[in-house]
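Single-letter residue listing:
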Amino acid sequence: MRKISNIKIESISAVVPKNRVKNDSISHLFTTKDLRRFEKTTLILERRHVNDNTTASDLGFIAAEKILSNIESKDEIGTLLWLSQTSDYIIPFTSNILQDRLDLSHDTFCLDISAGCAGFVQGLYTAFSFAQNSNKKVLLIIGETLSKILSENDRSTTPLFGDGSAAILVGKSEHGSTNSFFSFGTDGSNHKAISIPHGGFRNPFNEESSLNSIDENGNSKNNLNLSMNGPSVFDFTMREIPKSISNFMDILDTEVKDIDFFAFHQSNAFIIKQIARKLNISSDQVLLNISKFGNTSGVSIPLLLVTENNKLKNKNSKIIFSGYGSGLTWGNCMLNLSADTNIYELIEI
Amino acid sequence: MNTEDFLNDLVEELELDNVELNIDFDLRDLDEWDSMAVMIVIGYVSDNFDCNLTGEDLKEVSTVKSLIEIIGNEKFL
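Residues numbered from 1 in each chain as written. Chains lettered and ligands numbered in written order. Predicted model: local features only at pLDDT ≥ 70, side-chain atom pairs only at ≥ 80, totals over all residues.

Quick look at the overall build of chain B now. Helices and strands together make up the secondary structure of chain B, namely 4 helices and 0 strands. What you see in chain B, going N to C, is helices and strands ordered as α-α-α-α. Here chain B has a C-alpha radius of gyration of 11 Å; the compact-globule value for 77 residues is 11 Å, and the two agree. Each of the three principal axes of chain B carries a C-alpha extent, and together these read 30 × 25 × 20 Å. (Helix = DSSP H or I, 4+ residues; strand = E, 2+ residues; numbered from the N terminus. Rg over C-alpha atoms; globule rule 2.2 N^0.38 Å.)

Further remarks concern the packing of helix H2 (residues 56–68) of chain A against helix H3 (residues 94–101) of chain A. All names here are of chain A. For the pair H2 and H3, the least separation of the axes is 11 Å and the interaxial angle reads 45°. One finds that H2 runs oblique with respect to H3. Crossing geometry of H2 relative to H3 is assigned as right-handed. Between H2 and H3, the contacting residues are Ser57, Gly60, Phe61 and Ala64 on the first element and Thr94, Ile97, Leu98 and Arg101 on the second. Split into classes, the residues belonging to the contact of H2 with H3 amount to 4 nonpolar, 3 polar and 1 charged. (Axes fitted to C-alpha atoms, helices over the stretch in contact; angles between N-to-C directions. Parallel < 35°, antiparallel > 145°, perpendicular 65-115°, else oblique. Left-handed = near helix turned anticlockwise from the far one by under 90°. Contact = placed C-beta atoms within 7 Å. Nonpolar A, V, L, I, M, F, W, Y, C, P; charged D, E, K, R; others polar.)

Within the secondary structure, Met334 of chain A sits in strand S16 (residues 329–337). Each C-alpha atom, one on Met334 of chain A and one on Ile90 of chain A, is 34 Å from the other, the two residues being 244 residues apart in sequence.

Moving on, we come to the sheet that holds strand S15 (residues 317–325) of chain A. Residues and elements named next belong to chain A. Strands sit in the order S1-S9-S16-S15-S14 across an open sheet of 5 strands; the sheet is mixed. Edge strands, defined here as strands with exactly one partner in the open sheet, are strand S1 (2–5) and strand S14 (261–264). This sheet shows a mean twist of 15° between the axes of neighbouring strands, independent of strand direction. (Pairing = 2+ DSSP bridges.)

Residues and elements named next belong to chain A. Summarising burial for strand S7 (residues 137–145): 9 of the 9 residues are buried, a large majority. Side chains of S7 alternate between two faces, with Lys137, Leu139, Ile141, Gly143 and Thr145 and Val138, Leu140, Ile142 and Glu144 buried alike. The pairing of strand S5 (residues 77–83) with S7 spans 6 bridges and is parallel. Within S7, the position partnered with Trp82 by the bridge is Ile141. (Buried ≥ 20, exposed ≤ 12 C-beta atoms within 10 Å, placed from the backbone.)

Take the environment of Leu226 of chain A next. All names here are of chain A. Of note, Leu226 is situated in the loop between strand S12 (220–221) and strand S13 (227–228). Placed 73 residues apart in sequence, Leu226 and Val299 show a C-alpha to C-alpha distance of 17 Å. Excluding its chain neighbours within four sequence positions, the residues that come into contact with Leu226 are Leu146, Ile149, Leu150, Thr157 and Ile196.

The next point concerns helix H5 (residues 230–251) of chain A. All names here are of chain A. With 22 residues, H5 should reach 32 Å at 1.5 Å per residue; the first-to-last C-alpha distance of 31 Å fits that figure. Considering bend angle alone, the principal kink of H5 is centred on Thr237 and spans about 25°. For H5, the set of buried residues is Gly230, Val233, Phe234, Asp235, Phe236, Thr237, Met238, Ile241, Ile245 and Phe248. (Expected span 1.5 Å × (residues − 1). Bend = angle between axes of the 7 residues up to and from the residue.)

Moving on, we get to the interface of chain A and chain B. How large an interface is tends to be reported as the accessible area lost when its parts come together. Taken together, the contact pairs 13 residues of chain A with 12 residues of chain B. Mapped by element, the contributors of at least two residues to the side of chain A that touches chain B are helix H1 (32–42), H5 and helix H6 (269–278) of chain A. When residues in the side of chain A that touches chain B are grouped by element, the largest group, 7 residues, is from H5 of chain A. Residues that form the side of chain A that touches chain B fall into these classes: 5 nonpolar, 4 polar and 4 charged.

So this is what it looks like as C-alpha cells:
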C-alpha cells in the first residue's frame, strides 16, 4: 500500500482522432454470427484510428495544450511525463520533444515511461510522487496509437484496440488533507503474453521480422505486430484483479458502497462485468465507454473520466481506478476527485 | 442444476443453431468453440455455479460431461 497526501488531479483532457472505425471494417475477421458474439461479449462497436502521419505524441500535444491554455503560466509546470508504448522514436525520448512543442521551460524535468494498460495508474502514482517532492506541478501525458502496430488479419488484437491520448495535471492540494492510495502488482513471468517480439534489442529487426506467420487460430501477423495471448491475459485478469481490488479495499477499510465510481481499464466489457460481479459492484457504479473507443491502453481511464464527466461534475467523488495489462502489471488507486477538478470536453481531431 | 437445463443454457449462451447437445457431445466439434465461447462459458459458470474456471481449465474440456466434471458433479441433479 502506498499513500500520498495533499496531492490532487487538477485537470484532465482527452483527445481522440475523428476517424471512427466501425465493426463493418473488421468484418473480414468474423463470420456474421461471430461478429455478433464479439459485440455481445466485448460491447465494442467502434474505435478511433489516426492517419499515417499522426503520432501518439501529436494527440498528446493537443491534450496538453488544452490544459496549458487554461492555467496562468506554463512556468507552473516543473515535470513533464510522457507515458506510451508507441512513442515517436527509439532515441530520443518523447517527453523532451513535447517540452519544446509545448514551449515549456528549459528547467522542466522530462521523463518517458514505457507502460501499457496499467499505465494510467502507474503514471499517476509517478506524477503524484514527483508533485509531492516539488513546488511545481506535474503534467502527465499518455498517448497511444495502437492501430499502427496491429495486423489487420489478427482477430485477437485488431478488433479490440483504438487510439487516443489524455493529459492530466497534478499539483498540491490547497484544502487540508487529501489522501490518495495506490497498490501495484507485477507478474514478469508472463511478459510474453502481450508483446511485440522483434524490433527491440533482444530480437533486433531482421529479415524474419516482417514475415507473416499464421497461428493455430488462423490469425496472420508478423513479429513487429502486437501479439496477445488472449486466453492467458483473460485468466490473469480474472485471477489477479478482483483479488487485488478486494485486498486493496480491505486494507483501506473501505466497502464497495463507500465508493461512488469504479473506473476500470476499458479492456473488454465482459471482463469488466466479471470483475464487478465478483466484487458485488453495481452497474451504476461502473463507468463504461468501451463501445465507442475500444481498448486505448493507458489512455482508457482518463478518457473514461472525460466521456463520463456528466456523472462526475459538480460533486466530490470517491473513485477507484484499476488498470491491468502488459507486463503483466496491475495497479489500483483510490482517491477523491473533487468537484473543482477541470475535466474538459473530449477533443476530436 | 438440472442437466437438461444446463444443456439448454449452453445452446442459448453459445447461440448454437441446429445442434442437439447431450452430455457426450464433444464441444470441440463446434464451429463456435473458440476463445469467445470460452469467455462466455466462464462467465456463465461463474454466474450460475459460484465456480471460477480459467481458460486453462477449458482447454481440458472435451465433452459436455467433462465440463460438468470440472464444474463439479455434485452441483448437478
